[in-house]
Amino acid sequence: MGDPPRRPRSLFLAGLAAAYLAAFASLYVQIPGLYGRDGILPARKVLRLSGKGLWEQLRDFPTLLWLSPRLGLDTELGMELLCLLGILASFGALLFEPLRDSLLFALLRMLYLSLYQVGDCVPHRDSLLLEAGFLAVLVAPLRLLKWRSTAWRPHDSVTFWLVRWLLFRLMFASGVVKLTSRCPTWWGLTALTYHYETQCIPTPAAWFAHQLPVWFQKFSVVATYVIEIAIPLLFFAPIRRLRLFAFYSQVLLQVLIILTGNYNFFNMLTIVLAFSLLDEEHVGRWLGRSKRRHASTWPPSLRSFLAALLELSTYGLLLYWSIQSFGLEINWEKRLLDSKVAFTYHEFTTWLRAVTLPLVGLGFLSLSWETLSALYRCACVRGCFWKLWATLQWAVFATATVGMFAVSLVPFTYIDYESNGKLWPGIHQMFNAVERFQVVNSYGLFRRMTGVGGRPEVVLEGSYDKQTWTEIEFMYKPGNVSRAPPVVAPHQPRLDWQMWFAALAPHSSSPWFTSFVHRLLQGKADVIRLVQVDEAQYPFSARPPVYIRAHLYKYWFTGSAEGSQGPAPWWRRQHLQEFFPTVSLGDPALESLLSQHGLKDRPSLQRGADALLPWLLRSLRQLVRPFSGPAVLWSLYLVAATVCLLRALGRRPRGGAPPARHKGPRRGEPTDRGGGERNGQVRRKEAKEAEEKGEGRARGAADGHGGTKKKK
């Protein structure tokens, strides 16, 4: 059945810790401006004290921030404390493998869920992290309570399968919704001719990708469909080379997205989920620790021949399906590759309705195989007591895995509501019971392509006299046409993201925008730092503007052939209309909007200055205040990489010393505990191999000495 995937699991847990670190650190630097007392949306307005008890509050609104008053903290400082605890825990898990424990990941998820309940979430990004974080609680070993517990248990492959199932749901749904949305750009294969310039925060590489010929952009859309819809079926393939092919296909897509767009930690987290497709041997090759495989024999065995035949047939079928479904044809005269969607919307929805429930069946068969394999490993454990203990653990975790699989079917079948209605009503009841805890979620990325006629962008302007207006430049979102797009991932600038969403509809659809304008008129420093960390870059750093207005523009990337006398511009833009009227402090229109959205300032209790914990939190905030989100994040990653590098160098053998022998169990200690790393048969086999190698070395040494004597 192959070696248990210890290394892929370790990579998954380390990668998830890195994603948590990015999420907590990115939010921490933005809390004062977003949710502080003088922020855009003060968090104290979300958590209002009521006559309910603590447990009732946690039941209705699950967040640890209800405990803030008991610690002498307001809601803002409570959020900062949770972020700092999350940074510390995730940083420790990233550095030290013994800390990648089930209890620690349970703490990380509890902390992030508490912040998620209060802060405005970014769809799919926070939800994916919360679901992956819950799976990590089941996947990670329980070592903190028993430090010397084993690194792998027979049932761990069952819970680790849930990570693969999450990846399948994410990718398959992301590909399907592009077609079920009836977006003409996705059906016309022209989506990427708009995507690079209309995404939230593009990178410099997006400008170059935008210049690629149209035929290549259309072929890229076809490749996206293949990677997101067809290849995920190979996640459950019995042949490891097919799973590795699926892994590298997913990594290729995510790396290309990372290079051309700033999507915080989302794409990194998707790659982390893809580690569930790897096996122990393949990761060992990455690390240079793979076992030497026996030389291939000729003629090959029947099993190897059938496996190779099935693999080649799969590649051929995938290529044939791609050609037939998207009309791929080489145009030799124009020297390009033509492509078009060769099916109708009705044909696609009929196909989707036909395959949704069979895909559920495929997932159930794959889960059943993993469950039975784990039961076999439990049966191989030595000793009746330890065998019974391993079987009991298997029963508990297998039940939890089946329950998670069943609950996930509700959001997965949202892609076809007819299939969703055929699910057992009890599954819907289970989903409704856990929905608020974000245990499972539905996904579907880039459902429709926005900005087909040009990228809508809100440009803020300030003035002292209503005559001379100065644009307020943001750090990350497009503004100045001559400024290059930034690279900020895995940091998530939430204000810049929300400005992108605000430009897609009237300002009344984004109530927070009125509060944002109000804070800029007041000159609140924490909000200004969301716009520009460097005060010299903010045009009203000396004195707040008296008047502020906002206009709506359309932005486009410049073409490669466009030239200019000065610095080459990255963008060109066109003014459309007024987005937000000219307002000032005390303006009746502004006051009316604030009252309408419930954003009027109200006097709040002053913070106590004598408490130790609030003083420590405010002092740490003052130390971090001058630094931007990307600077904080990459500093943490650099420190982690340096520590890991020094630790690896310290473990290198010196002077060619022979490797230390593995110490066996002490006398009287059972050779394998419930859920041990290897069963007794494997241990005896390895001991025999080691003994034979030792005899071989002894004979070699004797022959060497004999040869030396003969020469003498």
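Keep in mind it's a predicted model, so treat the numbers as computed, not measured.

Chemist: What's the story with the overall build of the protein in this structure? I'm lost.
Modeler: Broken down by element type, the protein carries 26 helices and six strands. Expressed as a percentage of the 712 residues in the protein, the buried residues total 50%. Considering only intrachain contacts with a sequence separation of at least 6, the fraction spanning at least 24 residues in the protein is 77%. In the form shown here, the protein has an accessible surface area of approximately 35,700 Å², with 61% of it arising from carbon and sulfur atoms.

Chemist: Sorry, what's going on with the pattern of salt bridges here?
Modeler: Pairing is possible between side chains that carry opposite charge, provided their charged atoms lie close to one another. By the definition in use, this model includes 21 salt bridges. Two residues, Lys477 and Glu457, come together in a salt bridge whose shortest N-O distance is 3.1 Å. One end of the pair, Lys477, is in the loop between strand 4 (470-471) and helix 20 (494-502); the other, Glu457, is in strand 3 (residues 455-463), and 20 residues separate them in sequence. Close ionic contact of Arg529 with Asp526 constitutes a salt bridge, the shortest N to O distance being 3.3 Å. Separated by three residues within a single helix, Arg529 and Asp526 lie in helix 22 (residues 525-531), roughly one turn from each other. Classification of Arg529 by relative accessible area gives partly exposed; the value is 24%. For Asp526, a relative accessible area of 22% puts it in the partly exposed group.

Chemist: Explanation requested: the packing of aromatic side chains in the structure shown.
Modeler: Any aromatic ring pair is given by two values, namely how distant the centres are and how the planes are angled relative to each other. The tally for this structure, following the rule as stated, stands at 48 aromatic pairs. Through a chain of ring-to-ring contacts, three or more aromatic side chains come together here, namely Trp186, Trp187, Tyr225, Trp321, Phe326, Phe343, Tyr345, Phe348 and Trp351. Sitting above the plane of the Trp186 ring, Lys178 keeps its charged end 5.2 Å from the centroid. Over the aromatic face of Tyr464 sits the side chain of Arg543, whose NZ or CZ is 4.0 Å from the ring centroid.

Chemist: What should I look at first to understand the packing of helix 16 (residues 345-379) against helix 17 (residues 384-412) in this one?
Modeler: Helix-helix packing is described using two parameters, namely the angle between the two axes and the distance between the axes. Viewed as axis vectors pointing N to C, helix 16 and helix 17 meet at an angle of 170°, and their least axial separation amounts to 10 Å. Considering their axes alone, helix 16 and helix 17 lie roughly antiparallel with respect to each other. Contact with helix 16, carried on its side by Thr356, Val360, Gly363, Phe364, Leu367, Thr371, Ala374, Leu375, Cys378 and Ala379, involves Lys387, Ala390, Thr391, Trp394, Ala398, Thr401, Val402, Phe405, Leu409 and Phe412 of helix 17 and no other residues of that element. Of the residues in the contact of helix 16 with helix 17, the class split is 14 nonpolar, five polar and one charged.

Chemist: Explain the nonpolar core here, please?
Modeler: In summary, soluble globular proteins display a tendency toward joint burial of nonpolar side chains. Judged by nonpolar contacts, the single largest core of 185 residues is most densely connected at Phe12, Leu460, Phe513 and Phe516. A per-element tally of this core places helix 7 (residues 156-180) first, with 15 residues. Beyond its immediate chain neighbours, meaning those up to four positions away, Leu460 contacts Thr470, Glu471, Ile472, Phe474, Phe513, Phe516, Val517, Leu520, Ile548, Arg549 and Ala550.

Chemist: Looking at this structure, how should I read helix 23 (residues 588-596)?
Modeler: Residues that lie three or four places apart on an α-helix share one face, since the helix turns once every 3.6 residues. All of the buried residues along helix 23 are Leu590, Leu593 and Leu594. Take helix 23 and look down its axis: the buried residues cluster within an arc of 100°, on one side only. Residues of helix 23 that are exposed and point more than 90 degrees away from the buried face comprise Pro588 and Gln596. Contacts from the buried residues of helix 23 go to helix 21 (512-522) and strand 6 (571-583).

Chemist: Explain the sheet that holds strand 6 to me, please; I cannot follow it from the model alone.
Modeler: Sheet strands associate in pairs through backbone hydrogen bonding, adopting either a parallel or an antiparallel arrangement. Spatially, four strands are ordered 4-3-5-6 in an open sheet, and the strand pairing comes out antiparallel. Strands with a single pairing partner mark the edges of an open sheet, and in this sheet they are strand 4 and strand 6. Pairing geometry for strand 3 and strand 5 (residues 547-557), over nine bridges, is antiparallel. Directly across from Val458, in strand 5, lies its bridge partner Leu552. Running at roughly 80° to strand 6, helix 21 makes contact with strand 3, strand 5 and strand 6 of the sheet.

Chemist: Would you mind showing me how to read unusual backbone geometry here?
Modeler: Excluding glycine, a negative phi dihedral is what most residues carry, and trans is how most peptide bonds are arranged. For the bond from Ala489 to Pro490, the omega torsion is 10°, close enough to zero to count as cis. Its location among the elements puts Pro490 in the loop between strand 4 and helix 20. One non-glycine residue, Leu189, lies in the positive phi region at around 60°. Turning to its location among the elements, Leu189 is positioned in the loop between helix 8 (184-187) and helix 9 (192-198). Although it is not a glycine, Arg335 adopts a positive phi angle of roughly 55°. On the basis of relative accessibility, which here comes to 76%, the residue Arg335 falls in the exposed class.

Chemist: Quick question: what am I supposed to make of the confidence of the model for the protein here?
Modeler: Close inspection of predicted coordinates is inappropriate in any region flagged by low pLDDT. A residue-level look at the protein finds 85% of positions with pLDDT of 70 or above and a mean pLDDT of 87. The least confident element of the protein is helix 26 (residues 680-711), whose mean pLDDT is 47; the most confident is strand 5, at 97. Segment residues 695-712 is flagged for pLDDT under 50; beyond a separation of four residues in sequence, or across chains, it makes zero contacts in the model.

Chemist: I tried to follow the environment of Leu504 on my own but got confused; where do I start?
Modeler: With respect to the helices and strands, Leu504 occurs in the loop between helix 20 and helix 21. The spatial distance from the C-alpha of Leu504 to the C-alpha of Val458 is 9.4 Å, given a sequence separation of 46 residues. Discounting residues that sit within four places of it in the chain, Leu504 has contacts with Thr450 and Pro456.

Chemist: What's the story with the environment of Leu530 in this structure? I'm lost.
Modeler: Mapping Leu530 onto the fold places it in helix 22. The buried category is assigned to Leu530, whose relative accessible area is 8%. Along the primary structure Leu530 and Arg494 are separated by 36 residues, whereas in three dimensions their C-alpha atoms are 8.9 Å apart.

Conventions and cut-offs
Residues numbered from 1 in each chain as written. Predicted model: local features only at pLDDT ≥ 70, side-chain atom pairs only at ≥ 80, totals over all residues. Heavy atoms only, no water. Helix = DSSP H or I, 4+ residues; strand = E, 2+ residues; numbered from the N terminus. Buried < 20%, exposed > 50% of the residue type's maximum accessible area, 1.4 Å probe, protein only. Contact = heavy atoms within 4.5 Å. Areas by Shrake-Rupley, 256 points an atom, 1.4 Å probe, with all protein chains shown as cover. Salt bridge = Lys/Arg side-chain N within 4 Å of Asp/Glu carboxyl O. Phe/Tyr/Trp six-rings, centres within 6.5 Å; stacked < 30°, edge-to-face > 60°. Lys NZ or Arg CZ within 6 Å of the ring centre and 35° of its normal. Axes fitted to C-alpha atoms, helices over the stretch in contact; angles between N-to-C directions. Parallel < 35°, antiparallel > 145°, perpendicular 65-115°, else oblique. Nonpolar A, V, L, I, M, F, W, Y, C, P; charged D, E, K, R; others polar. Core = buried A, V, L, I, M, F, W, Y, C linked by side-chain atoms within 4.5 Å. Arc of directions from axis to C-beta. Pairing = 2+ DSSP bridges. pLDDT = per-residue confidence, 0-100.

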